[in-house]
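Structural description and commentary
Take a look at the letters that make up each chain.
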Amino acid sequence: MTSRRAMMLAILFAIPACSSDPQYIAPPVAIEAGDDVEPSLSTHDIVLPIEPESAEDAEERAELAAELGVDVPYVRRDDLDVSIHYTLTNLTEQPGTAYVHIDASNEWYTYVPDNFVIDPDEDEEPPPLLGGSPIDVPGGESISGVIREAATAQGALALERMSRGGLHAFAAILSREVHLEAFEPAGGGPEIPEEAFAGLVGFSTELSADRRMVLEYSVRVRDRRGILHPALLEAEPGEIVNFQPTEFGPAQDGEQDGDGGDNGGDNGGDNGGDNGGDNGGDNGGD
């Protein structure tokens, strides 16, 4: 190796990774589903390890909220570009079909489809925030897929339009308005612009299958703002935000409360695409 090449490599390796370099957050165990599998093994939750909000950031957020006249979250949708990469393995010799359902939360609200079923005889459960398309896996083989950044961005907007916009879950999730610049809040008042859209900070993944299958996945994050803890899931609890979102669901009288501020609007400060096409159409891709 020439001295010039050695010097160039030394410079390259000395440059720290920029905040937008992707980080991969993977659970320590795989998810299993199928015959004779305990239900507890078929689900897994991941909360993104976000560093506590600095005093400077909190002050800037308060100023932006005052300027816009709406609640502004600590973690905004455009702070993080999130995609979910997965591999499904069929452990049997027979072909099977699996479903990967991913529900998510921002710092204010958690989307739980069951909460929308008030009368089981009348109410249809809405779809998951992400995923949900059937995935056919041949016997003894594996299928890989990606839920892309555009889909998770749409999921973040769907949760906002349900919780703060009062839009029904079906309409919010099936809408393809990824590039919506603002929406009307349910209780009236100023429009909520994209600068105040909350980002997703937690993901609850559930696997169901008609054959015994294993799901391995990781959450890929491009941190545009530098708020992801560098130790990721190894971070100490006191070094990351303990988000406490409220489970969201329609009120018994059919009216939804769209005020994010009353449900933890200061959570960050106090603690320190196409849905169908992108979710189901990338099997065997990246």
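Analysis parameters
Residues numbered from 1 in each chain as written. Predicted model: local features only at pLDDT ≥ 70, side-chain atom pairs only at ≥ 80, totals over all residues. Heavy atoms only, no water. Helix = DSSP H or I, 4+ residues; strand = E, 2+ residues; numbered from the N terminus. Buried < 20%, exposed > 50% of the residue type's maximum accessible area, 1.4 Å probe, protein only. Areas by Shrake-Rupley, 256 points an atom, 1.4 Å probe, with all protein chains shown as cover. pLDDT = per-residue confidence, 0-100. Contact = heavy atoms within 4.5 Å. Pairing = 2+ DSSP bridges. Patch = residues over 30% accessible without salt bridge, like charges linked within 9 Å, V, L, I, M, F, W, Y side chains within 5 Å. Salt bridge = Lys/Arg side-chain N within 4 Å of Asp/Glu carboxyl O. Lys, Arg positive; Asp, Glu negative; His and termini not counted. Charge placed at Lys NZ, Arg CZ, Asp CG, Glu CD. Core = buried A, V, L, I, M, F, W, Y, C linked by side-chain atoms within 4.5 Å. Phe/Tyr/Trp six-rings, centres within 6.5 Å; stacked < 30°, edge-to-face > 60°. Expected span 1.5 Å × (residues − 1).

Turning our eyes to something else, we now look at the overall build of the chain. If you tally the helices and strands in the chain, you get six helices and 13 strands. Per-residue burial over the chain gives 41% buried out of 286 residues. Approximately 14200 Å² of the chain is accessible, and the part contributed by carbon and sulfur atoms is 48%.

As a further point, take the confidence of the model for the chain. Looking at the chain as a whole, the pLDDT averages 83, with 80% of positions reaching at least 70. A low-confidence stretch, residues 1–18 stays under pLDDT 50, and its non-local contacts, those more than four residues away or across chains, total two contacts.

Another point: the pairing of strand E3 (residues 43–47). The alternating pattern of E3 places His 44 and Ile 46 on a buried face and Thr 43, Asp 45 and Val 47 on a face that is not buried. Bridge count for E3 against strand E11 (residues 202–209) is five bridges, and the pairing is antiparallel. Across the sheet, residue Ile 46 finds its bridge partner in E11, namely Phe 203.

This brings us to a negative patch on the surface. A cluster of like negative charges, contributed by Asp 35, Asp 36, Asp 136 and Asp 210, occupies part of the molecular surface. The topology assignment puts Asp 136 in strand E7 (residues 130–137). Judged by its relative accessible area of 57%, Asp 136 is exposed.

Right, let's talk about the nonpolar core for a bit. In terms of nonpolar packing, the biggest core is built from 51 residues, with Leu 48, Ile 50, Leu 88, Leu 129, Met 162, Phe 203 and Val 219 touching the most fellow members. Membership of the second largest hydrophobic core comes to eight residues, among which are Val 70, Leu 180, Ile 192 and Phe 197.

Our focus in this paragraph is the packing of aromatic side chains. One pass over the full model with this rule turns up four aromatic pairs. Where Tyr 109 meets Phe 248, the ring centres are 5.5 Å apart and the plane angle is 75°; that geometry is what we call edge-to-face. With Tyr 109 in strand E6 (residues 109–111) and Phe 248 in strand E13 (residues 246–248), this pair connects stretches of sequence that are 139 residues apart. Each of the two residues, Tyr 109 as well as Phe 248, counts as buried. Members of the aromatic cluster, each reached through a chain of ring pairs, are Tyr 109, Tyr 111, Phe 116 and Phe 248.

Counted residue by residue, strand E12 (residues 213–223) has nine buried out of eleven residues, so it is predominantly covered. Here strand E1 (residues 23–25) runs beside E12; their pairing, made up of three bridges, is antiparallel. Note that in E12 the partner of Gln 23 across the bridge is Val 221. Where strand E2 (residues 31–33) and E12 come together, three bridges link them in antiparallel fashion. By the bridge assignment for E12, Glu 32 is matched with Val 214. As defined by bridge partners, strand E4 (residues 80–90) adjoins E12 across eleven bridges and the pair is classed as antiparallel. Bridge pairing in E12 places Leu 88 opposite Leu 215.

In this section: helix H2 (residues 55–68). For H2, with 14 residues, the first-to-last C-alpha span of 20 Å sits near the 20 Å given by 1.5 Å per residue. Positive phi shows up at Gly 69, right after H2, with a value of about 80°.

What follows concerns the pattern of salt bridges. Throughout the structure, instances matching the rule amount to ten salt bridges. When the shortest N-O distance is used, the salt bridge between Asp 57 and Arg 225 registers 3.6 Å. With Asp 57 in helix H2 and Arg 225 in the loop between E12 and E13, this residue pair connects regions lying 168 residues apart in the sequence. On the basis of relative accessible area, Arg 225 is assigned to the partly exposed category, the value being 24%. Arg 224 serves as the salt-bridge partner of Asp 81, at 2.5 Å between the closest nitrogen and oxygen. Here Asp 81, found in strand E4, pairs with Arg 224, found in the loop between E12 and E13; they are 143 residues apart in sequence, far enough to count as distant. On the accessibility criterion, Asp 81 (15% relative accessible area) is buried. For Arg 224, a relative accessible area of 48% translates into the label partly exposed. One salt-bridge network, held together by shared partners, links Asp 81, Glu 149, Arg 220, Arg 222 and Arg 224.

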